[in-house]
Every structure is written in structure tokens, then in C-alpha cells.
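Chain by chain, the residues run as shown.
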Amino acid sequence: MFYLITAFLLFLLAVIVHIIWCRLFFRKRLTMGSLVGLALSFLSVYFFIASETESFQRGHKIDARSAYFIARPDQPLLGVGLPSPFWSVPLKFSALLLYLLFIPVYLIFYFGTRVESPSKRILLLLGQKGRLSLKEILTFLNEETVMMARLEDLCRCGYAIISDNKYRLSKSGGTVARILNIYQLISGRARGG
Amino acid sequence: MLSWADQVVLVLTIISVLLFFAAELIFFRFFSEATVLKGQMLFLSAGALINALLGAYFFLNHIFIPPEARWQDALLCLIIANIIFDLVAFLYVLCIFGPYESSLRLRLLRELGDVYPEGLTREQLFARYNLEDVVQRRLGRLLASQELVLKEGKYALRNPHNFFIVSEKVAIWLRRFYVG
């Protein structure tokens, strides 16, 4: 449990630093790379704490400040309350794995702060307006915001280009299309969208 | 060298993740678009159940788990293995399966891919896949997942606290932190 709490608190710290960083420098756009960089750099702190803990468990003399944060398995948690049954379970690697998984999971929610899917728009619309028919729903959504915005995204990211008034895939777009065809072949699913 | 607890978590996670992916690739081709969300929930629950059963088997037979370990310690390993399995499955569903199944960008990219290296005008592209197709498809999925009800030709929310509404609330909350 000690490793799990350490990993969780360090990730939380990385998120807080990222929020402060974004509020200071990047209010208007997503900066996913900075979160990944921060989280990975905080990993070095995790490795330091983990190595200190191992030294402590082996009975080596360590820095008093580090010792304050590390409870012994047979003693109460941080010297207060009853001994915790979970505290001493050695989950160093699992905590590291959890920490690494938190990064992409958090990025999904972070990405969601700026991007709205059509399904979410439909549900929010029904939440606001109550009951609507298909025709009424279509009047609230328009081709420009739903379809064109995504087509422009493809162009902006370099997957598609416009030439002779036509949208064409770039080389990287063609590669993604081929990968999707292979995934369809393996998964046996019909074309999504 | 991994500790016994890490070994238990890793083995349980690897087994459940491999079974989850195998089940996805073998059985998911038989799920219709309407039942896809229910199918994912079923596979996630099955993975968690397999984790629990295997964890109990390891504990009772002292496989990876030393005899002196308390049942609370084994339970913690089981919970962590389940959380890691859920996170891996969540990432697969949201980053690979979900975009393939419902991303509009990827659908448009594939429509262009069909004529690659040629291209399509905006009108030609939207004749192949347009806003009405997008909305109808999503309404069908939301009806099947029981997020919506259809009564007298009108759609309405079945549950005002569904996954999308809750995730939007989380997004608003996060946006407030980031933008102020």
C-alpha cells in the first residue's frame, strides 16, 4: 500500500504542476506532451523513494526525513492508529505499472475538456431540450461543425490534403487507412463511424 | 527481482488481459453494432471474475502467495490486479476499439482511403457518409445501450446521469481547473 499511495500522490502532484503550467502558459490549447514529460520526470522521485524504502526494510541507516514517511509492517501507520494490514504488501512494480497507466487514462479525460463527440452532443442536447425527433436533432447539429471540423482536423494533422477542390489522403493518411483495413480483417467488425 | 505480491498481480493481470483480447478478437465479430456496449461490459465483468477466481485459487494453493501472507494482503493484490486489468481494457476500448467503431475522423479517412491516391470533393465524400448517417448510427447505439428511449418518434434520455453526461461534468470540472 505504501508504494501505491506514493505512486498515486506523485501522479497527483504531476497533474497539479501540469494544471499550473497550463494556466500560466497554455490556456487556449491542449499540451499533452508536457503532462507526459512531467509524469515521467516524477518517476525518478518514485524510484528514489522506492530505493530508500528498500534500504529501510533491509535495516540500513537512512535519512530521518525519509524514515518519517515509511511505516514498518508491524507498526501503526505513521505511528498513529492500528497497524495497517495492507501497508506492508510489497507492490513496488504494480504501483509503477499503475502510475504508467494513469498517464494515458488521464490524457483521455484531459483531451475530453476540448473535444466533444457527436454522441455527447446528442445527449447534452436531449438533456437540455427534453424530447426530440431525428429531424429536430438534425436542425441543432450542422455539417460544418460536425463533419467539416473533423475533415479540417485531418488536413491540419497532415493525414489529408486539398488539391483541385478534392480531399486526398497524404502518405501518412494512406498508411493509417491500411492499418485500419488490417484491424478490420483481424477483428471482423464492420466499418465504424 | 519481483516480490511475491508483484508476481501475483502481474500473472493475474497478464492472464485476464490476454483472455480479454482473445475474447475480443474471437467473439466480437458476432456482436452487432447495437449490442457492442453491452458486449464490452460483459467482457470486462468476465475478466474481473476470472481475476477473482484465479486469485482465490492462488491463495488457497499458495501459488506465488507465501503461506504466511494474510488474506487481506492477497485481497489487496487481487484488487490491484483488477484495477490494472480494468485500466488496460479501458485504454483498449477508448483508444483502439472505440475510435475504430465510432470515430468520425477515421470513417472519413477510410472513405478517402477507398479511392486513394485519388480524392473526393466535399459533395462526393458526404454522399458516401453524411451527418444524417452519423446521427442515426449514434441514436441506434444509444438506444441499444439504453441511454435513450424512443417514444412516439421522439428520443429522450432514459437516465440523466449516464456515462456521457458524467464525463462531460468531469470535463467541465477539469476545464475550470485548466482555464480558470
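Residues numbered from 1 in each chain as written. Chains lettered and ligands numbered in written order. Predicted model: local features only at pLDDT ≥ 70, side-chain atom pairs only at ≥ 80, totals over all residues. Heavy atoms only, no water.

Enquirer: I would appreciate a short explanation of the packing of helix α1 (residues 4–27) of chain B against helix α3 (residues 71–102) of chain B in the present structure.
Expert: Any two packed helices are characterised by the angle at which their axes cross and by the distance between the axes. All names here are of chain B. Running from N to C, α1 and α3 cross one another at 35°; their axes reach a closest spacing of 9 Å. Crossing of α1 over α3 shows right-handed handedness. Residues W4, A5, V8, V9, L12, T13, S16, V17, F20, F21 and E24 of α1 form the contact with α3, whose participating residues are D73, C77, L78, I80, A81, I84, F85, V88, A89, Y92, V93 and F97. Residue composition of the contact of α1 with α3, grouped by class: 19 nonpolar, 2 polar and 2 charged. (Axes fitted to C-alpha atoms, helices over the stretch in contact; angles between N-to-C directions. Helix = DSSP H or I, 4+ residues; strand = E, 2+ residues; numbered from the N terminus. Left-handed = near helix turned anticlockwise from the far one by under 90°. Contact = heavy atoms within 4.5 Å. Nonpolar A, V, L, I, M, F, W, Y, C, P; charged D, E, K, R; others polar.)

Enquirer: Would you mind showing me how to read helix α6 (residues 131–144) of chain B here?
Expert: Because each turn of an α-helix spans 3.6 residues, side chains separated by three or four positions end up pointing in the same direction. Residue and element names in this part refer to chain B. A rise of 1.5 Å per residue sets the reference length of α6, with its 14 residues, at 20 Å; its end C-alpha atoms lie 20 Å apart and thus fit the reference within 8%. By the burial criterion, the buried members of α6 are L131, V134, V135, R137, R138, L139, R141 and L142. For α6, the side-chain oxygen to backbone nitrogen distance between the N-cap and E132 is 3.2 Å, and the N-cap itself is N130. (Expected span 1.5 Å × (residues − 1). Buried < 20%, exposed > 50% of the residue type's maximum accessible area, 1.4 Å probe, protein only. Polar contact = N/O pair within 3.5 Å; in protein donor to acceptor, adjacent residues only side chain to side chain.)

Enquirer: For this particular structure, what's the right way to read the packing of aromatic side chains?
Expert: The geometry of an aromatic ring pair is captured by the separation of the ring centres together with the interplanar angle, meaning the angle of the planes. One pass over the structure, following the stated rule, counts 20 aromatic pairs over all chains. For the ring pair Y46(A) and F47(A), a centre distance of 6.1 Å and an interplane angle of 65° mean the geometry is edge-to-face. With a relative accessible area of 2%, Y46(A) lands in the buried category. For F47(A), a relative accessible area of 45% corresponds to the partly exposed category. Ring plane angle 75° and centroid distance 5.0 Å describe the contact between F28(B) and F97(B), whose orientation is recorded as edge-to-face. Taken together, the positions of F28(B) in the loop between α1 and α2 (36–60) and F97(B) in helix α3 put the pair 69 residues apart, joining distant regions of the chain. Both residues of the pair, F28(B) and F97(B), count as buried. Members of the aromatic cluster, each reached through a chain of ring pairs, are F20(B), F21(B), F28(B), F31(B), F43(B), F85(B), Y92(B) and F97(B). When the ring centre of Y129(B) is taken as origin, the NZ or CZ atom of R107(B), which lies over that ring, is 4.1 Å away. (Phe/Tyr/Trp six-rings, centres within 6.5 Å; stacked < 30°, edge-to-face > 60°. Lys NZ or Arg CZ within 6 Å of the ring centre and 35° of its normal.)

Enquirer: Can you help me understand empty space enclosed by the protein in this one?
Expert: Sizing a probe to match a water molecule and rolling it over the atoms shows the empty space that remains. On inspection of all chains with the given rule, the structure shows 4 cavities of 30 Å³ or more. When its volume is computed, the second largest cavity comes out at roughly 50 Å³. Lining the second largest cavity are 10 residues, with R29(A), Y110(A), T113(A), R114(A) and Y178(B) sitting closest to its centre. In terms of residue class, the lining of the second largest cavity is built from 5 nonpolar, 1 polar and 4 charged. (1 Å grid on protein atoms, 1.4 Å probe; cavity = no way out; pocket = protein on both sides within 12 Å on 5 of 7 lines; lining within 4 Å. Points joined across faces, edges and corners; volume = space filled by probe spheres on them.)

Without other data, these values stay purely geometric and don't point to any function.
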